[in-house]
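Chain by chain, the residues:
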Amino acid sequence: MSAEDLEKYETEMELTLYREYRDVVGIFKYVVETDRRFYLCNQVDVKARTEQGDVFFEVSMSDAWVWDMYRPARFAKNVKVLTFKDVNVEELQGSDFDPPKP
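None of these values were measured; they are calculated from a predicted model.

Chemist: So what about the nonpolar core? Which residues, and what values?
Modeler: In terms of nonpolar packing, the biggest core is built from 11 residues, these being Tyr 30, Val 32, Tyr 39, Cys 41, Val 59, Met 61, Ala 64, Val 66, Ala 76, Val 79 and Val 81. Going through the elements one at a time, β1 (30–33), β2 (38–51), β3 (54–66) and β4 (75–83) are the ones with two or more residues in this core. Here the element with the most residues in this core is β3; it accounts for four residues. Sequence-distant contacts of Tyr 30, that is, excluding residues within four places in its chain, are made with Tyr 39, Leu 40, Cys 41, Asn 42, Gln 43, Val 44, Val 89, Glu 90, Glu 91 and Leu 92. Membership of the second largest hydrophobic core comes to 10 residues, among which are Tyr 21, Val 24, Phe 28 and Met 69.

Below, the structure is given as structure tokens:
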């Protein structure tokens, strides 16, 4: 596979992922961003934990969709993330559900 073929494949995968996001965003209540992933979900719980003087976050999500073009299945019933970095949680509102049109 040439570099050009790989780039074309990745571009197509990103477009497919965006289209899927556009189709599913309306069924979710929250957007969750971690240092590694972007999630849509209907329930989220973030807890700050301390272990041996280090603070980390435990993020639990239910009915989630994961922005990851390499995952064969992006829907997950339950997701748990442990991270030492920031976590951003936003509640979506009716007007927030309109993604830009391609």
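We are not done yet, so read on.
Chemist: Before we move on, could you go through the side chain of Asp 68 and cite the residues and values that matter?
Modeler: On the secondary structure map, Asp 68 appears in the loop between β3 and β4. Using a relative accessible area of 13% as the deciding quantity, one classes Asp 68 as buried. Only 3.2 Å separates the side chain of Asp 68 from the side chain of Arg 37, close enough to count as a polar contact. When neighbours within four sequence positions are excluded, Asp 68 is seen to be in contact with Leu 17, Arg 37 and Arg 74.

The rules we used
- Residues numbered from 1 in each chain as written.
- Predicted model: local features only at pLDDT ≥ 70, side-chain atom pairs only at ≥ 80, totals over all residues.
- Heavy atoms only, no water.
- Core = buried A, V, L, I, M, F, W, Y, C linked by side-chain atoms within 4.5 Å.
- Buried < 20%, exposed > 50% of the residue type's maximum accessible area, 1.4 Å probe, protein only.
- Helix = DSSP H or I, 4+ residues; strand = E, 2+ residues; numbered from the N terminus.
- Contact = heavy atoms within 4.5 Å.
- Polar contact = N/O pair within 3.5 Å; in protein donor to acceptor, adjacent residues only side chain to side chain.

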